[in-house]
Amino acid sequence: MAAGVATWMPFARAAAVGWLPLAQQTMPKPPVDKTSRSDEILFVNVSGLRFQTWKNTLDRYPDTLLGSSEKEFFYNEETQEYFFDRDPEMFRHILNFFRTGKLHYPRHECIQAFEEELAFYGIIPEIIGDCCMEEYRDRKKENQERLAEDTEAENAGDAPLPPDATLRDKLWRAFENPHTSTMALVFYYVTGFFIAVSVIANVVETVPCRPLKGSVKDLPCGEKFSVAFSCLDTACVLIFSCEYLMRLYAAPSRCDFARSVMSVIDVVAILPFYIGLVMPENEEVSGAFVTLRVFRVFRIFKFSRHSQGLRILGCTLQACASELGFLLFSLTMAVIIFATVMFYAEKGTKGTTFSSIPASFWYTIVTMTTLGYGDMVPDSIAGKIFGSICSLSGVLVIALPVPVIVSNFARIYHQNQRADKMRAQQKVRQARIRMAKKGATNAFLQHKEDGGLQGGDSDSTALCVKNRSAFEHQHHHLLQCLEKTTNHEFTDEVTYSEVCMMDSVGFRTSRSTSLSSQQGATTTCCSRRSKRRAIRLANSTVSVSRGSVQELATLHITKTPVGTQYPQSRSNLNARTEDLKLNCDDYTAAIISIPTPPANTPDESLPNSPAIPGILRNSRSSTYNTQETVKISSL
Amino acid sequence: MHTHIHTLNQSHTHTLCVAVNMGLVMGTFSMQSNKQDRTYRKDKIDDDFDMSIVCHRPEGLDKLEAQTNFSKRELQVLYRGFKNECPSGVVNEDTFKQIYAQFFPHGDASTYAHYLFNAFDSAHSGSITFEDFVMALSTLLRGSVREKLTWTFNLYDINRDGYINKEEMTDIVRAIYDMMGKYTYPALKTDTPKQHVDAFFQKMDKNRDGVVTLDEFLLSCQEDENIMRSLQLFENVI
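Residues numbered from 1 in each chain as written. Chains lettered and ligands numbered in written order. Predicted model: local features only at pLDDT ≥ 70, side-chain atom pairs only at ≥ 80, totals over all residues. Heavy atoms only, no water.

*Asks:* Quick question: what am I supposed to make of the UniProt feature "domain: EF-hand" (unreviewed entry) in chain B here?
*Replies:* Those residues carrying the UniProt feature "domain: EF-hand" (unreviewed entry) are residues 108-143, 144-179 and 192-227 of chain B in this numbering. When the span residues 144-179 of chain B is considered, its composition is 72% helix and 8% strand, and the gap between its end C-alpha atoms is 28 Å. (UniProt positions renumbered as here; feature names shortened; annotations may be inferred. Helix = DSSP H or I, 4+ residues; strand = E, 2+ residues; numbered from the N terminus.)

*Asks:* Please clarify how the packing of helix α13 (residues 308-319) of chain A against helix α14 (residues 321-346) of chain A should be interpreted in this entry.
*Replies:* When two helices pack together, their arrangement is captured by the angle between the axes and the distance separating the axes. Residue and element names in this part refer to chain A. α14 packs onto α13 with a crossing angle of 65° between their chain directions and a minimal axis gap of 4 Å. Within the contact between the two elements, α13 uses Leu 317, Gln 318 and Ala 319 and α14 uses Ala 321, Glu 323 and Leu 324. Class assignment for the residues of the contact of α13 with α14 results in 4 nonpolar, 1 polar and 1 charged. (Axes fitted to C-alpha atoms, helices over the stretch in contact; angles between N-to-C directions. Contact = heavy atoms within 4.5 Å. Nonpolar A, V, L, I, M, F, W, Y, C, P; charged D, E, K, R; others polar.)

*Asks:* It is not clear to me how the packing of aromatic side chains should be interpreted in this structure. Could you clarify?
*Replies:* A ring pair, where both rings are aromatic, is described by two values, the distance of the centres and the angle of the planes. Inspection of every chain in the model, using the stated rule, returns 47 aromatic pairs over all chains. Relative to Phe133(B), the ring of Trp8(A) has its centre 5.6 Å away and its plane inclined at 80°; by these criteria the two rings are edge-to-face. Of the two residues, Trp8(A) sits in helix α1 (residues 5-15) while Phe133(B) sits in helix α6 (residues 130-142), which places them in two different chains. Phe133(B) matches Trp8(A) in its accessibility class, with the two residues each being buried. For the ring pair Phe409(A) and Tyr413(A), a centre distance of 6.1 Å and an interplane angle of 10° mean the geometry is stacked. Of this pair, Phe409(A) and Tyr413(A) both sit in helix α17 (residues 402-450), 4 residues apart, which is roughly one turn of the helix. (Phe/Tyr/Trp six-rings, centres within 6.5 Å; stacked < 30°, edge-to-face > 60°. Buried < 20%, exposed > 50% of the residue type's maximum accessible area, 1.4 Å probe, protein only.)

*Asks:* Sorry, what's going on with the interface of chain B and chain A here?
*Replies:* Interface size is commonly expressed as the accessible surface area that is lost when the partners come together. Residue-level contacts link 60 residues of chain B with 60 residues of chain A. Summed over both sides, the interface between chain B and chain A buries roughly 5400 Å², with carbon and sulfur atoms accounting for 71% of that surface. Taken as a group, Phe103(B), Tyr183(B) and Tyr185(B) account for 17% of the area that chain B buries against chain A, more than any other trio of residues on that side. At the boundary of chain B with chain A, the tally comes to 0 salt bridges. Taken together, chain B and chain A are joined by 5 residue pairs in polar contact (both at pLDDT 80 or more). For the side of chain B that touches chain A, the class distribution of residues is 42 nonpolar, 12 polar and 6 charged. (Buried area = accessible area lost by both parts, 1.4 Å probe. Salt bridge = Lys/Arg side-chain N within 4 Å of Asp/Glu carboxyl O. Polar contact = N/O pair within 3.5 Å; in protein donor to acceptor, adjacent residues only side chain to side chain.)

*Asks:* Help me out: how do you make sense of the pairing of strand β2 (residues 49-54) of chain A in this one?
*Replies:* On a regular strand, each side chain points to the face opposite its neighbour's, so the side chains alternate between the two faces of the sheet. All names here are of chain A. Note that strand β1 (residues 41-46) and β2 share 6 bridges and pair antiparallel. By the bridge assignment, Val 44 is partnered in β2 with Phe 51. Linking two consecutive strands that pair antiparallel, namely β1 and β2, is a turn of 2 residues; a positive phi of about 50° is found at Ser 47 within it. (Pairing = 2+ DSSP bridges.)

*Asks:* In this structure, what is going on with a nonpolar patch on the surface? I would like to understand it.
*Replies:* Residue and element names in this part refer to chain A. A contiguous nonpolar surface patch, about 410 Å² in accessible area, is contributed by Leu 310, Leu 313, Leu 317, Phe 409 and Tyr 413. Among the elements of the structure, α13 and α17 are those that each provide at least two residues to the nonpolar patch. With 3 residues, α13 is the single largest residue contributor to the nonpolar patch. By secondary structure assignment, the location of Leu 310 is in helix α13. (Patch = residues over 30% accessible without salt bridge, like charges linked within 9 Å, V, L, I, M, F, W, Y side chains within 5 Å. Areas by Shrake-Rupley, 256 points an atom, 1.4 Å probe, with all protein chains shown as cover.)

*Asks:* What is the right way to read unusual backbone geometry from this model?
*Replies:* For residues besides glycine, phi is generally negative; the peptide bonds are generally trans as well. Residue Pro186(B) follows Tyr185(B) across a cis peptide bond; omega there is -5°. One can find Pro186(B) in the loop between β4 (184-185) and α9 (192-204). If you check the backbone angles, Ser47(A) has positive phi at about 50° while not being a glycine. Relative to the helices and strands, Ser47(A) resides in the loop between β1 and β2. On the accessibility criterion, Ser47(A) (36% relative accessible area) is partly exposed. With a phi close to 65°, Asn487(A) is a non-glycine residue in the positive phi region. Judged by its relative accessible area of 33%, Asn487(A) falls in the partly exposed class.

*Asks:* It is not clear to me how the nonpolar core should be interpreted in this structure. Could you clarify?
*Replies:* A general tendency of soluble globular proteins is for nonpolar side chains to be buried together. Counting 76 residues, the largest nonpolar core has Trp19(A), Tyr100(B), Phe104(B), Phe133(B) and Met169(B) as the members making the most contacts within it. The greatest single-element share of this core, amounting to 8 residues, is contributed by helix α8 (residues 166-180) of chain B. If sequence neighbours within four positions are ignored, Trp19(A) has contacts with Leu478(A), Cys481(A), Leu482(A), Thr485(A), Tyr100(B), Phe104(B), Tyr112(B), Tyr156(B), Ile176(B) and Met179(B). Met90(A), Phe114(A), Ile123(A) and Tyr136(A) belong to the second largest nonpolar core, which has 27 residues in total. (Core = buried A, V, L, I, M, F, W, Y, C linked by side-chain atoms within 4.5 Å.)

*Asks:* Explanation requested: the state of the cysteines in the structure shown.
*Replies:* Such a bond, covalent and formed between the sulfur atoms of two cysteines, is termed a disulfide. A complete count under the given rule lists 0 disulfides over all chains for this structure. With no disulfide partner, Cys132(A) has as its closest neighbouring cysteine sulfur the one in Cys131(A), 4.0 Å distant. (Disulfide = S-S within 2.5 Å.)

*Asks:* Any chance you could explain the pattern of salt bridges here in plain terms?
*Replies:* Oppositely charged side chains are able to pair whenever their charged atoms sit close together. Scanning the model with the defined rule gives 22 salt bridges over all chains in all. In this structure, Arg299(A) engages Asp233(A) in a salt bridge whose closest nitrogen and oxygen atoms are separated by 3.1 Å. Of the two residues, Arg299(A) is situated in the loop between α12 (283-294) and α13 and Asp233(A) in helix α9 (residues 226-250); the sequence distance between them amounts to 66 residues. Of the two residues, Arg299(A) and Asp233(A), neither departs from the other in class, the shared state being buried. When the shortest N-O distance is used, the salt bridge between Glu223(B) and Lys206(B) registers 3.1 Å. A residue pair is termed long-range when its members are at least 10 positions apart, and Glu223(B) in helix α10 (residues 214-223) and Lys206(B) in the loop between α9 and β5 (211-213) qualify at 17 residues. With a relative accessible area of 38%, Lys206(B) lands in the partly exposed category. Beyond isolated ion pairs, a larger network of salt bridges with shared partners links Glu243(A), Arg247(A), Asp266(A), Lys302(A) and Arg305(A).

*Asks:* Help me understand the packing of α9(A) against helix α11 (residues 261-278) of chain A, please; the structure alone is not making it clear to me.
*Replies:* Residue and element names in this part refer to chain A. Two numbers describe how α9 lies on α11: the axes approach to 10 Å, and their chain directions differ by 140°. Of the possible angle classes, the one that applies to α9 and α11 is oblique. Two packed elements cross with a definite hand, and for α9 against α11 that hand is left-handed. From α9, Asp 233, Thr 234, Val 237, Phe 240, Ser 241 and Tyr 244 reach across to α11, where they touch Ser 263, Asp 266, Val 267, Ile 270, Phe 273 and Tyr 274. (Parallel < 35°, antiparallel > 145°, perpendicular 65-115°, else oblique. Left-handed = near helix turned anticlockwise from the far one by under 90°.)

*Asks:* Mind showing me how you'd approach the confidence of the model for chain B here?
*Replies:* Interpreting fine coordinate detail is not advised for predicted regions of low pLDDT. Residue and element names in this part refer to chain B. Averaged over chain B, the pLDDT score is 78; the fraction of residues at 70 or greater is 77%. With pLDDT under 50 throughout, residues 1-9 is counted as low confidence; its partners more than four residues away or in other chains account for 0 contacts. In this model, residues 30-42 is a region of pLDDT below 50 whose contacts with residues beyond four sequence positions or in other chains number 0 contacts. Interface confidence in the predicted complex, given as ipTM, is 0.71; pTM for the same model is 0.47. (pLDDT = per-residue confidence, 0-100.)

*Asks:* How should I be thinking about the environment of Ala399(A) in this particular structure?
*Replies:* Residues and elements named next belong to chain A. Along the chain, Ala 399 turns up in helix α16 (residues 381-399). Since its relative accessible area comes to 43%, Ala 399 is described here as partly exposed. Each C-alpha atom, one on Ala 399 and one on Leu 327, is 9.4 Å from the other, the two residues being 72 residues apart in sequence.

*Asks:* How do you make sense of α9(A) when you look at a structure like this?
*Replies:* Residues separated by three or four positions in an α-helix point in the same direction, a consequence of the helix having 3.6 residues per turn. The terminal C-alpha atoms of α9(A), which comprises 25 residues, lie 36 Å apart, in line with the 36 Å expected from a rise of 1.5 Å per residue. Looking at the buried side of α9(A), the elements it contacts are α6 (167-176), α7 (182-204), α8 (221-224), α10 (254-259) and α11 of chain A. (Expected span 1.5 Å × (residues − 1).)

*Asks:* Just to check I follow, could you spell out helix α3 (residues 72-85) of chain B for this structure?
*Replies:* Its 14 residues give α3(B) an end-to-end C-alpha distance of 20 Å, which sits within 8% of 20 Å, the value for a rise of 1.5 Å per residue. For α3(B), the complete set of buried residues consists of Glu74(B), Leu75(B), Leu78(B), Gly81(B), Phe82(B) and Glu85(B). Seen end-on, α3(B) carries its buried residues on one side only, within an arc spanning 135°. Turning to α3(B), the residues buried within the fold contact α1 of chain A together with α2 (61-67), β1 (90-92), β2 (127-129) and α6 of chain B. (Arc of directions from axis to C-beta.)

Shown next as C-alpha cells:
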C-alpha cells in the first residue's frame, strides 16, 4: 500500500490550503519544478528486450537507480532509450516492483544473481514481499552455509606449510592431516593397528581357554597367559601415552586440545592402567580396580580419528540431542505410567512377578520396545489389557523421533560427502584456472612484444548531474508550510532535550532574540536549524558555554541563490547516513564541528556579529533532510 | 439352541435395520443442516469476497473535464496514480489516514486526516471516490479565491452548521499541532493551540459574537495580504 507516496503528494499539498487562514507567517515559496514535463513513456532497453513504462512509475522510488538521475548515465541519445546491459529476465521483476510496489523473488533463479541485480538497481532485498520472503531466506541461508563450508575446506590445511614452520607446527599438521606426509601416514596406521590389538586383547582375555594341566575348571585366557596379556596391555598403553603426550605438545592451543572430546577419550583409555599401577594389590580395592578395567573398552572410540563415519554419527547425535532428550523423556513418562498400572493390575494375582513398581519398569521397557522376553507376564485380564496397550503405545512413542534423527544424519552425511567431493574437484579446478591465466599472460606479453599498447582514451566531458528530486522539493515545501502555520519548527530529540535543559536552568538565550530580528529573511527557519545543529554540536552539559556557539559558526558558505536548494542524495531505502553531493550550480553548506571545552561562563552575551546572521542565512543543514528522507523512504 | 440363535439373528438384523434407518435419517438431517450451513457460509464468504472486489468506476473523462478545471491529460495522470494505489476505486478512512500519516512522520496526523476526510467526502458516503478526490483538488488548486476559502471554511466547520465556534477551531488547531509531534523549536506548550485560536478569532470574528460565519471568514481573509498571497502558491502543484 505504501508504494506510491509520490502519487499522493499533490493531494497532500493541496490539502495544505486548509492551513492558510491559520498561518501567522507567510508561506515559503514552493519549489519550481523546472524539469517537470507532462508524464511520458520511457523506453528501457535491457539487452535487447524493450520495456516501456511511464516516467511516474519509475519516479516512485527516487532512491533506486531507475528512479534517480543515475539512469541518465545509461541514456542512449541515438535510440532515445535507456540501455542496460543486464539480464532481461530479471529486469522483469525489477520493473514489476516499481509498478506494484512489491518485490517478488523468482524461485528458479540463482539467488546470488538475483542479489547482484538488486544491488545494481539500488533495491535492497529486505523489501521482498511476504509471499516470497521465506523462500528467499531459506535459499540465502543454504547458499551461505555452502560458501562457508567451501572457505573452510579451502583453509583446512591442505595448503603447504609456510617454510618457517616449527617442529611443533609440523607435528600438529602430521597428526591432523595424516595424508600429507609418509611418516604421518605410517604413524596413523600404526596407532590404528595397536588400538585394534588392544581391543581384541581385551575381548580375547575373557574367552575360556583349555584348563591348565591338572585342573578341571575352564580358565579364561587372560589368566592362563596373564604375562603375555599384561605385556601386550603395557605396550599398548605406552604407545597411547606417547601419542597423547606428543599431541599435547604439538597442539597450538593446549587448553582447547585438553578439553576436546578426542583427548578426553584418550585419557580415559589409558588412565585405568596408571591407576592400577598406583593402587596396591589389595583385596578391598581390587573390586574397584576391576571396574576400572571396564574403561579400557573406551579405546575403541579412538577409532573415530580413523573413521569418518563414526565422527558423523557423533555429530548426528549431538545435533539431535533435543530429539533424543524428548524421546527419553516421553519414554520415561510412559514407563512410569504403565509400570504403575501394571503393578496395581497384577497386585491381586498370586505369586506374581510384578513385586513392585520398579520391578514393573523392566516389564514395561521390554514390552514397549517390543522385545518381549517373557520373564514377566501378566496373568489377570486387566493386566493383559493394559499390557497390550503398553506394547502398542511403545511402538508409537519410539517411532516418532526416529525420522528426525535419520534426516539429521542424512544431512550431515551429505555435507561431509560434499566436502570431500569439493576437495577433490578443487585441485582440478585450480589447475585449470592456473593454465588459463598463464595462457592469458603469455598472450599479453606476446602482444606487447609485437605492437605495443595503444594510447589512452579520449577525454570525457564531466557532465553536471542534477541531483535533486522533485518529490523531495515538494515535500520539504509542504513541511515548511506547516511550520509557518504553527509558528514552530521541527527539531530532533537531542536538540529538543537540550533546549529544555537550557530553559530549565534559566538561560535566556539571546540567540532567540537575535534570530527573531531576522524575521524578514526568507529562510530564517534554516538559520535556526543550523543554530540548533550548532547547539547540538556544543557540549551537552547543563552549563553550556555560549561562546561555543560562536566558535561553531565557522560554516562555509559560498553562494546560494534565493530559492531553496535541497541537495539530494542517493540513499538506500533504509539509509541512516547521507552524503551531501555537491551540485555544479548550487553550493551546499559544510558544517565544521569543533569540539568545545565545557566552560562555566554563564553570562557571556552573544555578540550579535553581522557575520553570523550572514553566514547562517541560506544554509541548509543536512539533519533536516536526513530525517525527512529517512522517514519517508522507509515506507 | 439353534432356533434361539436364529431368532437372535432375526432380532439382530431387525435391530440392525432400525439402526441403519436411524443412521440414514440422522445422516440426512446432518447433511441438510450441513448444506444449509455451507450455503450460508458460502454466501458469507461470497459477500466478503464481493465486497472486497467492489469496483467503483468514475464517470467519463469528458464529464469530469467539464466539471473540474483540469485538462484531460492531467485527469489521466491523476487517475492512473489513484487507480494504482486504490484498485477498487475508493479510499476509505483508514487508508486515507495511513496515506496522510506518511507525509508527517514526526507526529500524529490521524485527527487532522479525519477532518480532511470529511471535507473531501462531500457526499458523506464514508469513502472517497475519484470524483470526490478530483473535485476537491480542482477547487483547491485551480479554483477561485472564494472557492478555496469556502472549502477551507467547510473544513473548519466540523459539524456543518455554517458557523465556526471556538471548540471546532480548537479541535482543528490541536489536530494541526499534533502533526508537528513532540520535538519542536520552541517547545510546544499546552496552551499554544488556545493562544493560536484566540489570535484567529481576534482576526476573523468581526462582530465578536464568538462564532465566525462564512461571510466574516471571507471578508477577513480577503483583507489579509499574507493569506491572499499564499493562496496563489499552490497553483502549479500538478
